[in-house]
Amino acid sequence: MHIIGDEYLGNKTLALDLTGSQIEKLFQTLPDLVYIFDLKSHKLAFINNRVSSLLGYTADDIEKMETIFPSLILHEDHVLSYKRW
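In every chain, residue numbers begin from 1 and rise along the written sequence. Only residues with pLDDT of at least 70 get local features here, since the model is predicted, and only at 80 or more are side-chain atom pairs given and counted; chain-wide, interface and lining totals rely on the full set of residues. Only hydrogens and water are set aside; all other atoms, that is, all heavy atoms of the structure, feed into the side-chain values.

*Asks:* Any details on the overall build of the protein? Residues and values, ideally.
*Replies:* Working definition: helices are DSSP H or I runs of at least four residues, strands are E runs of at least two. Numbering for both runs from the N terminus. Helix and strand counts for the protein stand at 5 helices and 4 strands. In sequence order, the secondary structure elements of the protein are arranged as β-β-α-β-β-α-α-α-α. Buried means the residue's accessible area, taken with a 1.4 Å probe over protein chains only, is under 20% of the maximum for its type, while exposed means over 50%, and partly exposed covers the values in between. Expressed as a percentage of the 85 residues in the protein, the buried residues total 18%. In this description, contact between two residues means that some pair of their heavy atoms is separated by no more than 4.5 Å. Intrachain contacts of the protein at a sequence separation of at least 6 include 17% that bridge at least 24 residues. Every accessible area reported is derived by Shrake-Rupley at a probe size of 1.4 Å, with residue values counting cover from the shown protein chains alone. Accessible area of the protein: about 6600 Å², with a carbon and sulfur share of 55%.

Right, here's the structure in full:
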C-alpha cells in the first residue's frame, strides 16, 4: 500500500511515498493515540501502542471491546454520526 501525502512548504511540495509497514512504524512512534476503525465491519483495523499509556487498556481489553471502542473514545457529539454508519 502506498500513501502519497503532499505538504506545501511555500512554493515547494514534499511528497511522501510510504509502505504499510512504514506507516505502522510511524504511527507507533507518535505520542498520540492513533487508530483506524473499519466502518463497514465495525472493527478496529489498527491501533497504536499508546492506548495502554493514554487510556489504560491492554491489547486484550481492546480485542474484547473492539466493536464498541469508538463509542468509548469519541466525543458525545460524534457518537451519533458514528452509529449512523
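*Asks:* Report on the pairing of strand β3 (residues 35–38), specifying residues and quantitative values.
*Replies:* Following DSSP output, two strands are said to pair if at least two bridges run between them. As paired elements, β3 and strand β4 (residues 43–47) share 4 bridges and run antiparallel to each other. For Y35, the partnering residue across the bridge sits in β4 and is I47. A loop of 4 residues connects β3 with β4, the two strands running antiparallel in sequence, and H42 in this loop sits at a positive phi of about 55°.

*Asks:* Could you give an account of the environment of L30, naming the residues involved and the relevant values?
*Replies:* Take L30: it is sitting in the loop between α1 (20–29) and β3. Sequence separation between L30 and R50 is 20 residues, and the spatial gap between their C-alpha atoms is 8.2 Å. With residues up to four places along the chain from it excluded, the contact list for L30 reads N48 and R50.

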